Amino acid sequence: GDVHGRTAFITGGANGIGLGIARALVRAGANVVIADIREDSLAQAKADLGADAQVETVQLDVTDRAAFARAADAAEARFGKIHMLVGNAGVGVMGPVLDARFDDWDWGMGVNLGGVINGLVTILPRIKAHGEGGQIVTTSSQSALIPISYSAIYTAAKAAVLGISEAIRGELAAENIGVSAFMPGPVQSHIAHSGELRPAEYREDSGYRQREEELEQRPVSPLWMSADEVGERVLAGIRNNDLYILTHPEFGAGMKTRFDAILASVPDEAINQDRAKEIGFLLGN
Ligand code: NAI
């Protein structure tokens, strides 16, 4: 649907992909509320976007549920209604599973999955209540479709976010709320600096701290897609209510290999017709 004059609440919108999405939405005439944990980035993003009449910023840690409700209140106070939730805030918690400690799992899942859940619980009822419909966009990742080594924690969260998005799509259609799962490949962003955001309580029992400090030194490849390009792709996906928004054709073959392997594992046995009927019923057919 059209986004002009409608309001998007974008978590992690002060840098990288979220800012690219914000830029595309502002250009299309939407209002955006940028919620981010980084105070300095919020001020910078507001200055970059320029269009002050369409932009509100709010400092938010997406793992803080009470603060999430206050941020949503602030968004409604400014623009009246929230129509779109872009659950995008995320951190790159990467490393060998054998080094992963509970602090790594808890922080990674808390932000990358918990942040999306907190957004849904906080904002979905508000979208339903105003009755004008809307759109949920979740930033999953290409890694949800082709899990790679050293990404167990990240992939766990991103696969869950994809699964949630697919599961709620049918339910929310009845409320005129669309759902899109965004699964970008490599994009130029600030994600290598995620370690700066690791809270003190998740630093004691971590096996990834040194790796995170090394990652910060690594330059962003010029071959990675720009945040503005992916932002435009997300805008098109919102307008079209696409369930899946992808960015990189380079991953197509790998996805096919994976799904062919899954299909090849379906038992090659006769279908029990009664059971098939019941399964169809479970699937809502
Ligand atoms: P980024 O670091 O440039 O932007 C993420 C933003 O989220 C930052 O502004 C950060 O301050 C904010 N944030 C982090 N933790 C937060 C918290 N607890 N509460 C509120 N805000 C928080 O990174 P990027 O790459 O733009 O990441 C955006 C999303 O895209 C993430 O979910 C990431 O996992 C996902 N993604 C990124 C890819 C890439 O190649 N850059 C590829 C696939 C997915």
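Residues numbered from 1 in each chain as written. Predicted model: local features only at pLDDT ≥ 70, side-chain atom pairs only at ≥ 80, totals over all residues. Heavy atoms only, no water.

A.B. asks: Got a minute to help me understand the pairing of strand β1 (residues 7-11) in this structure?
C.D. replies: Sheet faces and side chains relate simply in a regular strand, where the side chains alternate between the two faces. Counting buried residues in β1 gives 5 out of 5 residues, a clear majority hidden from the surface. Where burial is concerned, the two faces of β1 agree: the one with T7, F9 and T11 and the one with A8 and I10 are both buried. The pairing of β1 with strand β2 (residues 31-36) spans 5 bridges and is classified as parallel. Within the sheet, the bridge partner assigned to I10 lies in β2 and is I34. In this fold, the crossover linking β1 to β2 by way of helix α1 (residues 16-27) has right-handed handedness. Across 3 bridges, the pairing between β1 and strand β4 (residues 84-87) is parallel. Paired with I10 across the bridge in β4 is V86. (Buried < 20%, exposed > 50% of the residue type's maximum accessible area, 1.4 Å probe, protein only. Helix = DSSP H or I, 4+ residues; strand = E, 2+ residues; numbered from the N terminus. Pairing = 2+ DSSP bridges. Right-handed = clockwise from strand over helix to strand, strands pointing away.)

A.B. asks: What should I look at first to understand unusual backbone geometry in this one?
C.D. replies: Working note: non-glycine residues mostly have negative phi, and peptide bonds are mostly trans. A positive phi angle is found at Y150, which is not glycine, with a value near 65 degrees. Checked against the element boundaries, Y150 lands in the loop between β5 (134-139) and α6 (152-173). Backbone geometry at N241 places phi at a positive 45 degrees, although glycine is not the residue there.

A.B. asks: Just to check I follow, could you spell out the packing of helix α4 (residues 102-112) against α6 for this structure?
C.D. replies: What describes two packed helices is the angle between their axes and the distance between those same axes. In contact at an axis separation of 9 Å, α4 and α6 are set at 30 degrees when each is read in the N-to-C sense. Comparing their axes, α6 and α4 come out roughly parallel. With respect to the hand of their crossing, α4 and α6 are arranged in right-handed fashion. On α6, the residues that touch D104, W105, G108, M109 and N112 of α4 are A152, I153, Y154, A156, A157 and V161. Residue classes in the contact of α4 with α6 are distributed as 8 nonpolar, 2 polar and 1 charged. (Axes fitted to C-alpha atoms, helices over the stretch in contact; angles between N-to-C directions. Parallel < 35°, antiparallel > 145°, perpendicular 65-115°, else oblique. Left-handed = near helix turned anticlockwise from the far one by under 90°. Contact = heavy atoms within 4.5 Å. Nonpolar A, V, L, I, M, F, W, Y, C, P; charged D, E, K, R; others polar.)

On their own, these measurements won't tell you what the molecule is for.
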